[in-house]
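Structure at a glance
The residues making up each chain are set out below.
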Amino acid sequence: MPKIKKKGQAGAAKNYITRTQAVKKLQLSLPDFRKLCIWKGIYPREPRNKKKVSKSATASTTFYYTKDIQYLLHEPLLQKFRDQKVLEKKISRALGRGDVSDAARFERHAARPEATGKPRYTLNHVIRERYPTFNDALRDLDDCLSMLFLFANLPSTSAVPAKMIARCERLCLEFQHYLIVSHSLRKSFLSIKGIYYQANIQGEDILWLVPYKFNQRIVGDVDFRIMGTFVEFYMTLLGFVNYRLYSSIGLKYPPKFDQLKDENGAELGAFSLEGVNMATQGETKAVTNGEEQQGPDPKVQAEVDKIIKQLKEDESKSDETAEGDAEADDEEKPTDSIDKFEPVAPGGDVLPQPAYSSNDPSQLFANFTFYLSRETPRQPLEFILRAFGCKRIGWDSVLGEGAFTNDESDPSITHHIIDRPVVQAATNEDGDGEDNQTAQKVGPNQRYPGRIYVQPQWVWDCVNDEELKSPELYAPGAALPPHLSPFVKAAPGQYDPTLPLEAQQTEAEAIEADLEDAEKDGAEEGSDVENDMDVDEAEDDEEEEEGDEEDAEEAEEEDAEEDEEESKTLQRQLELEAELQGKKVQNKKVDPKTKAKLEQRKTLEKKAREEAEDLERAKGMLSKKKRKLFEQMQYTNNKKSAQDEKLRAKRRKLEKEKAQKA
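Within each chain, residues carry numbers counting from 1 in the order of the written sequence. The predicted origin of the model limits local features to residues at a pLDDT of at least 70 and limits the giving and counting of side-chain atom pairs to 80 or more, whereas totals for whole chains, interfaces and linings rest on all residues. Computation of side-chain values: all heavy atoms of the structure, hydrogens and water removed.

As recorded in an unreviewed UniProt entry, the protein goes by the name Pescadillo homolog, listed as coming from Neurospora tetraspora. A UniProt comment under Function (unreviewed entry) is attached to the protein, and it reads "Component of the NOP7 complex, which is required for maturation of the 25S and 5.8S ribosomal RNAs and formation of the 60S ribosome." UniProt positions are given in the numbering used here, feature names are shortened, and annotations may be inferred rather than shown by experiment. The annotation that UniProt attaches to the protein under Sequence similarities (unreviewed entry) is "Belongs to the pescadillo family."

Below is the structure:
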């Protein structure tokens, strides 16, 4: 007789386990279970059939894989959680007996971070398990950086302790120092949420979000216990990543940190980097003042100079022989033009094109000295400028320490970043000028000669385009060009803000725009002209009689009837408008250009109707499944084209308003 299978011991019911059963099996509290699952990367699963999986009458909502919970039974952190639970019980019992000295002794001997600074547990083994290779850790660094930069800008509360905020801020600044030294930053974008940054580290693109330096409010509907669990894991992860990155470029980790400078607002300037092989006796320079350079061996340098000298002599001889051959034989010389890699098919991948210039984008601002006005965001500007080669950045002493200079009148300053309107100082009746807070002595007559004044967006646009933009477009008080996201690639056929409107709009949209302009112009010109309705009716009757006498084809007759109907409806509309306003009917004069546009519109509408009819006939030949799929594709394409049409109409309206103001 075959063995009878019992319910819940095989199949889906055995593969899944509820959260309550998992907590009982691990002998943990629910908060500790959540922590363990977040750190180990174990998430709830959704079974196909909840009735087969659920072993109780009540419907369970959260399920886990049984293998995942079995895997957690061997986790060393379980014993740490249990020890902590035992300690809390001992302290509560001592306090219940009224023995305060025993409770204090338990707390004193316990490894509490508030008392001794030693952690109760470490997540180092968890990081090694979840990320076997360094590239795996880099791929998961996006959320890590976004979360840590967010917590670095939060105010300290009972839910977010000050030590956690200080640790997040320090790790983020260390990561920024690596990006500055290695020139790994690629792009940045100013959005409503914050500032997006993109860096390329060992071939991996990393994108993260940094909030603006505003006063953040802690709301009550956010569970900071769950977020704090993620932050605790991410702090350990970023510590490992920073150590590996610093070691890869020959720097000691952690870098030296000056607490006094950090309290005075130096931020990046509070760190000083050291090389691994450098002597400890020598003084190290902070990244804010320059990078360490180690001189080459003089013997090796002498040999290299000899080889270079010989190569130059050989090149000069070869040039002389080449000139002689060119004079003797008049042959075609090869062109110096560089080949371009163009996509074979439209919409294909565009490869990076070679260029004559050997300018390194990472040294974009290396030859400039910047001064940041006190209303500009110092932290992101300092980070981006240093990441792209700038070594000399000054700002007002109010913004903190670490500046190259605090003197605004320093003659070495080449670029002044300012973000205030150009307003002259207000003057009283007596002639005394009171400094306007929006002006702050930055009027046209108060600028320093030989210095370029730009708005902060100039820095971001130069970085994203990898070239220095024209500073006239970003002058103080000027209307800035649109700041577009560098992470969005324009697909063929979609709206592209960088291209002119004429190159993107369809023929029908261009005709409609021209007709609208013609109607507006006609309404303005005919505002002073009075018309007699009887004359128009007589002319219309004559045209109708002449049209009846002519023998034409049926299609032409239909077109004539449509024209007559449109003219009648338009005439009727004009009559009603004139009657409401108490004026006489204006004479409608159609220009030859407008008439040609109307004919083009009719032709396009007729062509669109024919194409729609052909498409419907073709859809009838498809099967039901393919026809539904085709209709879904058609719906998506129509939706995208409608959005693009709205954007083009909005841009057309803005351009017209701008032209009228000019």
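This part covers the sheet that holds strand β13 (residues 452–454). In spatial order, the strands read β9-β8-β10-β13; together these four strands make up an open sheet with parallel pairing. Of all strands in the sheet, those bounded by a partner on one side alone are β9 (392–395) and β13. Taken over all neighbouring pairs, the strand axes of this sheet differ in orientation by 25 degrees on average, direction set aside. Both strand β8 (residues 369–372) and β9 contribute to a ladder of four bridges, which runs parallel. If you follow L372 over to β9, its bridge partner there is W395. Lying on the sheet, helix α15 (residues 378–387) is in contact with β8, β9 and β10 (415–417); it crosses β9 at an angle near 165 degrees. Pairing between two strands is assigned when DSSP locates at least 2 bridges connecting them. Helix and strand definitions here come from DSSP, where helices need a minimum of 4 consecutive H or I residues and strands a minimum of 2 consecutive E residues; each element is numbered from the N-terminal end. The convention used is that axes are lines fitted to C-alpha atoms, helices contributing only their stretch in contact, and that angles between N-to-C directions extend from 0 to 180 degrees. Should any heavy atoms of two residues lie within 4.5 Å, those residues are considered in contact.

What follows covers the nonpolar core. Only buried Ala, Val, Leu, Ile, Met, Phe, Trp, Tyr and Cys residues count toward a nonpolar core, and they belong to the same one when joined by side-chain atoms within 4.5 Å. Between buried and exposed lies partly exposed: a residue is buried under 20% and exposed over 50% of the maximum accessible area for its type, with that area taken using a 1.4 Å probe on protein chains only. In this structure, F151, W208 and F365 are the most contacted members of the largest nonpolar core, which totals 92 residues. Take this core: its biggest share by element is eleven residues, from helix α12 (residues 224–248). Contact partners of F151, with chain neighbours within four places excluded, come to V160, M164, I165, C168, F224, M227 and V231. Core analysis: the second largest hydrophobic core is formed by five residues, I91, A94, A103 and F106 among them.

Here we take up the sheet that holds strand β5 (residues 204–210). Reading across from one edge, β3-β4-β5 is the order of the three strands in this open sheet, with antiparallel pairing throughout. Edge positions in the open sheet fall to β3 (185–190) and β5, since each of these has one partner strand only. Within the sheet, the average angular offset between the axes of one strand and its neighbour, ignoring direction, is 15 degrees. Sheet topology places strand β4 (residues 195–201) next to β5; seven bridges connect them, and they run antiparallel. Across the sheet, the residue bridging to N200 is D205, located in β5. Contacting β3, β4 and β5, helix α11 (residues 162–182) runs over the sheet at an angle of about 60 degrees to β4.

Geometrically, a pair of aromatic rings is defined through the distance of the ring centres and the angle of the planes. Pairing of aromatic side chains requires ring centres within 6.5 Å, counting the rings of Phe and Tyr and the six-membered ring of Trp. Pairs whose planes differ by under 30 degrees are stacked, by over 60 edge-to-face, and all others tilted. Summed over all chains, the structure comprises 21 aromatic pairs. Measuring from centroid to centroid gives 5.3 Å for Y16 and Y65, while their planes differ by 40 degrees, and the two rings are tilted. One end of the pair, Y16, is in strand β1 (residues 16–18); the other, Y65, is in strand β2 (residues 63–65), and 49 residues separate them in sequence. Taking 5.5 Å as the distance between ring centres and 50 degrees as the angle between the ring planes, the aromatic pair formed by W39 and Y121 counts as tilted. Here W39 is found in helix α3 (residues 30–40), whereas its partner Y121 is found in the loop between α7 (100–109) and α8 (124–130), with 82 residues between them in sequence. According to the relative accessible area criterion, W39 is buried, its value standing at 0%. Since its relative accessible area comes to 13%, Y121 is described here as buried.

Moving on to unusual backbone geometry. Cis geometry is adopted by the peptide bond preceding P254, which originates at Y253 and carries an omega value of 0 degrees. Residue position: P254 is located in the loop between α12 and β6 (256–257). For E267, which is not glycine, the phi torsion reads 55 degrees and is therefore positive. Here E267 is to be found in the loop between α13 (259–263) and β7 (271–272).

For the rest of this paragraph, the subject is a positive patch on the surface. Patch membership is restricted to residues that have no salt bridge and whose relative accessible area is over 30%. Joining uses 9 Å for like charges and 5 Å for the nonpolar side chains Val, Leu, Ile, Met, Phe, Trp and Tyr. Only the protein chains shown count as cover for residues, and the accessible areas themselves come from Shrake-Rupley with a 1.4 Å probe. Counted as salt bridges are all cases of a side-chain nitrogen of Lys or Arg within 4 Å of a carboxyl oxygen of Asp or Glu. We treat Lys and Arg as the positive residues and Asp and Glu as the negative residues; His and chain ends play no part in the count. Charge positions are represented by NZ for Lys, CZ for Arg, CG for Asp and CD for Glu. Side chains of K85, K89, R93 and R97 sit close together on the surface and give a patch of like positive charge. Classification of K85 as partly exposed rests on a relative accessible area of 43%.

Moving on, we come to the pattern of salt bridges. Counted by the stated rule, this structure contains 19 salt bridges. For R105, the salt bridge is made with D102, and the minimal N-O distance between the two is 3.6 Å. One end of the pair is R105 and the other is D102, both in helix α7 and three residues apart, which spans about a single turn. A relative accessible area of 34% means that R105 is categorised as partly exposed. Notably, a salt bridge pairs E174 with R170, separated by 3.6 Å at the nearest N-O pair. You can see E174 and its partner R170 sitting in helix α11, four residues apart, about one turn around the helix. For E174, a relative accessible area of 1% corresponds to the buried category. Given a relative accessible area of 29%, R170 falls into the partly exposed group. When salt bridges with common partners are traced through the structure, they connect K40, E75 and E129 into a single cluster.

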